[in-house]
Amino acid sequence: MQAHYGFAGFMGKRVHLGVCGSIAAYRALDLVRAFLDADCMVSATVTDAAARFVTPLSFEGLGASPVYTGMFDAATERESAFGHLEPGQTCEVMVIAPASANTIAKLANGLADDMLSCQALAFAGPKVVAPAMNPRMWANPVTRRNWDMLEKLGFIGVVPETGKVACGDTGTGRLAPVEEIFLAGLKALSPQDLNGKRVMVTLGPTREPWDAVRFWSNPSSGTMGACMAMAAYLRGAEVTVVAGPTALSFPSGMSVVQVQTAQQMNAACQDLWPSMDVACATAAVADFRPVLYGPDKFKKEQGDGLHVDFVPNPDILKGLGVSKQGYQRLIGFAAETRNIKSEASRKLKSKNLDLIAANDVSREGSGFGTATNQMYILDKAGRQESWPKLPKTEVAWRLWDHLLLD
Ligand code: CTP
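In this text the structure is predicted, and so the values were computed from the model without any measurement.

Enquirer: In this structure, what is going on with the overall build of the chain? I would like to understand it.
Expert: Helix and strand counts for the chain stand at 15 helices and 20 strands. Taking the principal axes of its C-alpha atoms as reference, the chain extends roughly 80 × 50 × 40 Å. Put simply, the chain shows about 18700 Å² of open surface, and 53% of that area lies on carbon and sulfur atoms. The averaged location of the 40 negative side-chain charges in the chain is 3 Å from the averaged location of its 39 positive side-chain charges.

Enquirer: What's the story with the site of the ligand in this structure? I'm lost.
Expert: Taken together, the neighbourhood of the ligand is formed by 15 residues, with Ala281, Ala283, Phe333, Lys347 and Lys351 sitting nearest. Ala283 is positioned with one of its backbone polar atoms (N or O) 2.7 Å from an oxygen atom of the ligand. Measuring from a nitrogen atom of the ligand, one finds a backbone N or O atom of Ile316 at 3.0 Å. Summarising the interface, the protein chains cover 78% of the accessible area of the ligand, which totals 560 Å² for the free molecule. Taken together, the elements giving at least two residues each to the shell around the ligand come down to α13 (316–322) and β17 (329–336). Of the residues forming the shell around the ligand, the biggest block, 4 residues, is contributed by β17. Of the residues belonging to the shell around the ligand, the class tally is 9 nonpolar, 2 polar and 4 charged.

Enquirer: How do you make sense of the environment of Lys197 when you look at a structure like this?
Expert: Among the secondary structure elements, Lys197 is positioned in the loop between α10 (178–189) and β9 (198–203). Sequence-distant contacts of Lys197, defined by excluding residues within four places in its chain, comprise Ala237, Glu238 and Asp277.

Enquirer: Looking at this model, I keep getting lost on the sheet that holds strand β14 (residues 278–281). Mind explaining?
Expert: Backbone-to-backbone hydrogen bonds pair the strands of a sheet. The strands run either parallel or antiparallel. Ordered by their spatial adjacency, 8 strands build an open sheet running β13-β12-β9-β14-β17-β18-β19-β20, and the pairing between neighbours is mixed. The sheet is open, and its two borders are formed by β13 (255–258) and β20 (384–391), each paired with just one other strand. In this sheet, adjacent strand axes meet at a mean angle of 20 degrees when their direction is disregarded. When strand β19 (residues 372–379) meets β20, the two strands line up antiparallel, connected through 6 bridges. Bridging from a neighbouring strand, Asn373 pairs with Leu390 of β20. In this fold helix α11 (residues 223–234) packs onto β9, β12 (238–243), β14, β17 and β19, with an angle of close to 165 degrees to the strand it touches most, β9. Its contacts with the sheet place helix α14 (residues 340–350) against β17, β18 (355–360), β19 and β20, and it is angled at close to 150 degrees to β18.

Enquirer: Mind showing me how you'd approach the domain arrangement of the chain here?
Expert: Note: interface size is frequently given as the accessible area lost on complex formation between the parts. When the domains of the chain are assigned, the result is domain 1 (3–189) and domain 2 (198–404). One C-alpha centre belongs to domain 1, the other to domain 2, and the line joining them spans 38 Å. Tallying the contact residues gives 11 residues for domain 1 and 15 residues for domain 2. Around 1200 Å² of area is buried between domain 1 and domain 2 when both sides are counted, 69% of it from carbon and sulfur atoms. Three residues stand out in domain 1 for area buried against domain 2, namely His4, Phe7 and Lys187, and they jointly supply 53% of the buried area on that side.

The rules behind each value
- Residues numbered from 1 in each chain as written.
- Predicted model: local features only at pLDDT ≥ 70, side-chain atom pairs only at ≥ 80, totals over all residues.
- Heavy atoms only, no water.
- Helix = DSSP H or I, 4+ residues; strand = E, 2+ residues; numbered from the N terminus.
- Areas by Shrake-Rupley, 256 points an atom, 1.4 Å probe, with all protein chains shown as cover.
- Lys, Arg positive; Asp, Glu negative; His and termini not counted.
- Charge placed at Lys NZ, Arg CZ, Asp CG, Glu CD.
- Near = heavy atom within 4 Å.
- Polar contact = N/O pair within 3.5 Å; in protein donor to acceptor, adjacent residues only side chain to side chain.
- Nonpolar A, V, L, I, M, F, W, Y, C, P; charged D, E, K, R; others polar.
- Contact = heavy atoms within 4.5 Å.
- Pairing = 2+ DSSP bridges.
- Axes fitted to C-alpha atoms, helices over the stretch in contact; angles between N-to-C directions.
- Domains from an automatic or database assignment.
- Buried area = accessible area lost by both parts, 1.4 Å probe.

What follows is the structure in structure tokens.
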């Protein structure tokens, strides 16, 4: 699991997984793992057709409990006489992946002739459905009608991918990536308190070229920004990430603008800012860039008395602060090695921020490349808090909570 998925708020949440017959059924095992890694509790129902592809024992072996199979399975009945009602009483989200055309038809029409369809009918909470089937079955007007019906009924659809499917055909019908289904499940478990907000997050380092092969940069991994973006996304925001070069990947539901230099990041942010409600600047922008040596590579033998001159880069966040409108909110970060509180206060004012999160990057477990941060928080109303060392995911979640206090 990626570091920016581990939000503590999902601990103990109960996820019920429904698995239908498909060559993609084995990928539901990765879903079990992903939800367990997020500290959720997972139960599952494996339909008769699914059990031909992957055994219920595999789901049990990975830690799903209980694992339901047929309606009149003796073992299940020993556990509970009302297994078909149980997820509806104990689970917070139901995730059906892969969902077959047959199960989708049943869900759309309220049929309840096996364990999974009974459980779905008796489940009032959010239901995520990720189909997998042959492209001709997916394209069939009957399936289209059933799928539209699910949307109208409030099911959360994770549409299949386009490409080559198991039978050799090419088209739309391949199960969406496990990560997308997992995130749809987490989103269904999250408060939608940022719903409708357009949020921009800058993250990662910038890279300032000096010659054809060398650049000036810093070791920012972009993790703090990824956590801010992910938390906002899970809480319903429309998220745009403006990312310097990092190893991170982002879900398809986020817009991503990849940049290299501070000037490119600045141009992208200036462009996007008028259409945003909130910007959160976590990027470790290079404050200076080397004066370009030129388009060629600087050769070793030229190195006698080598020196590099620098010119200032734009302060991206400050620029956003200048044009900030009354409805817009700005969150900044401050990486400090001393005078944290006074520097946070100075930056909050000089950059026209609503909230600043400062940390001592010289401390162990706080700063570049770590999974944790120890923050001092200050907002424009003068509220200040010192937080203990926390996972960056938790810092992100709390910062959005704090902004919402406004
Ligand atoms: N920031 C920015 N553009 C810059 C420099 C910083 O957008 N050219 C943003 C950072 O993303 C962060 C905040 O401004 O949210 C503060 O960054 P920091 O590096 O702590 O401070 P600086 O403003 O660069 O000042 P100094 O380096 O002197 O501490």
